[in-house]
Amino acid sequence: MASSSQQNKGIVLVTGGGGYVGGQIIREALASGFHVRVTARSASSAARSVARFPPSHAAALLSTAVVPDIQVPEAYAAAFADGAVTHVVHAASPFVLDPADVVRDVLEPAVRGATAVLDAALRYGGGRVRRVAATSSFAAVADATKGRRPGYAYDEKDWNPATWDEAAAGDGVFAYCASKALAERAMWDWMKAHEEEVSFGLATICPPWVFGPYADQPRATSTGLSESIKLLDGLIDSDALPPFDIGGYADVREVAAAHVRALEVPEAAGKRFIVGQDFRYQAAVDVARETVPALKDRLPAGTPGGWEEEEAYHIDGSRAARVLGLKYGTLKDAITDTFVQLLKAREIEAAAAKA
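Residues numbered from 1 in each chain as written. Predicted model: local features only at pLDDT ≥ 70, side-chain atom pairs only at ≥ 80, totals over all residues. Heavy atoms only, no water.

A. Expanded view of the side chain of Glu254. Of note, Glu254 is situated in helix 9 (residues 252-264). In this structure Glu254 touches Val275, Gln277, Leu326, Lys327, Tyr328 and Gly329, once residues within four positions along its chain are discounted. (Helix = DSSP H or I, 4+ residues; strand = E, 2+ residues; numbered from the N terminus. Contact = heavy atoms within 4.5 Å.)

Take a look at the structure:
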């Protein structure tokens, strides 16, 4: 963690700080020399977000702001009221794959939330906000209708072509993927419409599946896990590997670093960044069965080494490395650290059940 003398880069307002990716963004921002202001729907949820970090840091470097509805610009007024916010990370967005109503529960919250934070930064930021970094997704990039696309390399020029009407008529998974593209496009459209008024630039981060450790140790696996971590937890004691779905992954620590670097690097403004590398489930279990002895006989073996034969598209995350200076880690580290945390969480949950 950076020393207090380094904490002079400004205050980052972070939405979604209570989540998996958000927690690591807070950790990375603090380590990089920012103060952090975490938004939450209530004072109690804000307190929980801050409680994940050492009290000394929470007292000196973390503050909170209650934003009861991130779809409403006016809800941010108090968060900007002191005129101290210099950067914004918007990491809050619905991740609902089985909604009761795709428009009400997925599409509208994603798009309205994406533009509301920009409206708020313009309206209440007092011209002091210098950069907004938003969490998008590889779902905003990939065209699912084209399947595996062997030999194709997705990069930032690609967009999920799904329309609002198509998403509204689709199932939850299709609607979620479409919502990421619709929300990101809405942010870029907003920036273009307000280019003469804003003091800040926008950068978006588009990761595929996100793996790696939480910023703090989870205490259970039966509830509260992110969708991507649920996937890995579900492999434990499973009989078979899941079919190919998303052919890419990013370590959550890389995703967090990309957000923070996007706040700092001048050249990041106006750009979207795919953060990720190729991924196959077979590669993940091959690694985990080797590096986590307790899982050797608890994960489906599949066809060891067979992931090299799985033809599909590639993830081109080179712009993030080139522009942001992001250094990619290994699948081994991401998967191993994830499963070690999951096993510990299962131990904690089991012990609590017996107490």
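B. Inspection of the pattern of salt bridges at higher detail. Summed over all chains, the structure comprises 15 salt bridges. For Glu28, the salt bridge is made with Arg27, and the minimal N-O distance between the two is 3.4 Å. Residue classification places Glu28 among the buried residues on the basis of a relative accessible area of 18%. Lys157 is paired through a salt bridge with Asp158; the nearest N and O atoms lie 3.9 Å apart. With relative accessibility at 9%, the residue Asp158 sits in the buried group. Connected through shared salt-bridge partners, Lys9, Arg261 and Glu264 make up one network. (Salt bridge = Lys/Arg side-chain N within 4 Å of Asp/Glu carboxyl O. Buried < 20%, exposed > 50% of the residue type's maximum accessible area, 1.4 Å probe, protein only.)

C. The arrangement of the sheet that holds strand 1 (residues 11-15) in detail. Strand order in the open sheet formed by seven strands is 3-2-1-4-5-7-10, with parallel pairing between adjacent strands. One side of each edge strand has no neighbouring strand; the edge strands of this open sheet are strand 3 (62-66) and strand 10 (271-274). The mean inter-strand angle of the sheet, taken between neighbouring strand axes irrespective of direction, is 20 degrees. Bridge count between strand 1 and strand 2 (residues 35-40): four bridges; the pairing is parallel. Bridge pairing in strand 2 links Val12 to Val36. Across the sheet, helix 1 (residues 20-31) is in contact with strand 1, strand 2, strand 3, strand 4 (85-90) and strand 5 (131-135); its angle to strand 2 comes to roughly 160 degrees. Along the sheet, helix 5 (residues 102-124) contacts strand 1, strand 4 and strand 5; its crossing angle with strand 4, the most-contacted strand, is approximately 175 degrees. (Pairing = 2+ DSSP bridges. Axes fitted to C-alpha atoms, helices over the stretch in contact; angles between N-to-C directions.)

D. Geometry of helix 7 (residues 172-193). End to end, helix 7 covers 30 Å across 22 residues, agreeing with the expected 32 Å (1.5 Å per residue, within 8%). Two to three positions downstream of the cap, the backbone nitrogen of Val173 sits 3.3 Å from a side-chain oxygen, assigning the N-cap of helix 7 to Asp171. (Expected span 1.5 Å × (residues − 1). Polar contact = N/O pair within 3.5 Å; in protein donor to acceptor, adjacent residues only side chain to side chain.)

E. Examining the layout of surface pockets more closely. In this structure, the second largest pocket encloses a volume near 200 Å³. Lining the second largest pocket are Asp278, Phe279, Arg280, Ala283, Asp286, Val287, Trp307, Glu308, Glu310, His314 and Leu331. The element contributing the most residues to the lining of the second largest pocket is helix 10 (residues 281-291), with three residues. Of the residues in the lining of the second largest pocket, the class split is five nonpolar, one polar and five charged. (1 Å grid on protein atoms, 1.4 Å probe; cavity = no way out; pocket = protein on both sides within 12 Å on 5 of 7 lines; lining within 4 Å. Points joined across faces, edges and corners; volume = space filled by probe spheres on them. Nonpolar A, V, L, I, M, F, W, Y, C, P; charged D, E, K, R; others polar.)

F. The arrangement of the side chain of Asp286 in detail. Secondary-structure assignment places Asp286 in helix 10. Buried charge without a salt bridge: Asp286, with Arg289 as the nearest opposite-charge side chain at an N-O distance of 5.5 Å. Within the structure, the side chain of Asp286 is placed 2.8 Å from the side chain of Gln282, a separation counted as a polar contact. Ignoring anything within four residues of it in the chain, the contact list for Asp286 reads Ala301, Pro304, Gly305 and Trp307. (Lys, Arg positive; Asp, Glu negative; His and termini not counted.)

G. Spatial organisation of the packing of helix 10 against helix 12 (residues 331-354). Relative to each other, helix 10 and helix 12 sit at 65 degrees, their axes nearing to 9 Å. Considering the relative orientation of helix 10 and helix 12, their crossing is right-handed. Every residue of helix 12 that contacts helix 10 at Ala283, Ala284, Val287, Ala288 and Thr291 is listed here: Leu331, Lys332, Ile335, Thr336 and Phe339. (Left-handed = near helix turned anticlockwise from the far one by under 90°.)

H. Structural context of the nonpolar core. In terms of nonpolar packing, the biggest core is built from 62 residues, with Ile335 and Phe339 touching the most fellow members. Of all the elements, helix 9 adds the most residues to this core, at eight residues. In contact with Ile335, not counting residues within four places along its chain, are Phe211, Leu232, Ala284, Val287 and Ala288. In this structure, Val129, Ala167, Ala178 and Phe200 belong to the second largest nonpolar core, which totals 36 residues. (Core = buried A, V, L, I, M, F, W, Y, C linked by side-chain atoms within 4.5 Å.)

I. Summary view of the sheet that holds strand 9 (residues 248-251). Here three strands make up an open sheet; going across it, the order is 8-9-11 and the pairing mixed. Each edge of the open sheet carries a strand with a single partner, namely strand 8 (209-211) and strand 11 (277-278). Helix 9 contacts strand 8, strand 9 and strand 11 of the sheet and is inclined by roughly 70 degrees relative to strand 9.

J. Inspection of the packing of aromatic side chains at higher detail. Per the counting criterion, the structure on display carries eleven aromatic pairs. Where Tyr20 meets Tyr214, the ring centres are 4.6 Å apart and the plane angle is 45 degrees; that geometry is what we call tilted. With Tyr20 in helix 1 and Tyr214 in the loop between strand 8 and helix 8 (227-233), the pair connects residues that are 194 residues apart, well separated along the chain. Note on accessibility: Tyr20 and Tyr214 belong to one class, buried. Between Phe244 and Tyr313 the ring centres are 5.8 Å apart and the planes differ by 75 degrees, which places this aromatic pair in the edge-to-face class. (Phe/Tyr/Trp six-rings, centres within 6.5 Å; stacked < 30°, edge-to-face > 60°.)

K. Spatial organisation of the environment of Ala65. In this fold, Ala65 is placed in strand 3. Classification of Ala65 by relative accessible area gives buried; the value is 8%. Contacts of Ala65, omitting those with residues within four sequence positions, involve Arg37, Val38, Thr39, Ala40 and Ala79.

Note that every value here comes from positions in space, so none of it alone points to a role or purpose.
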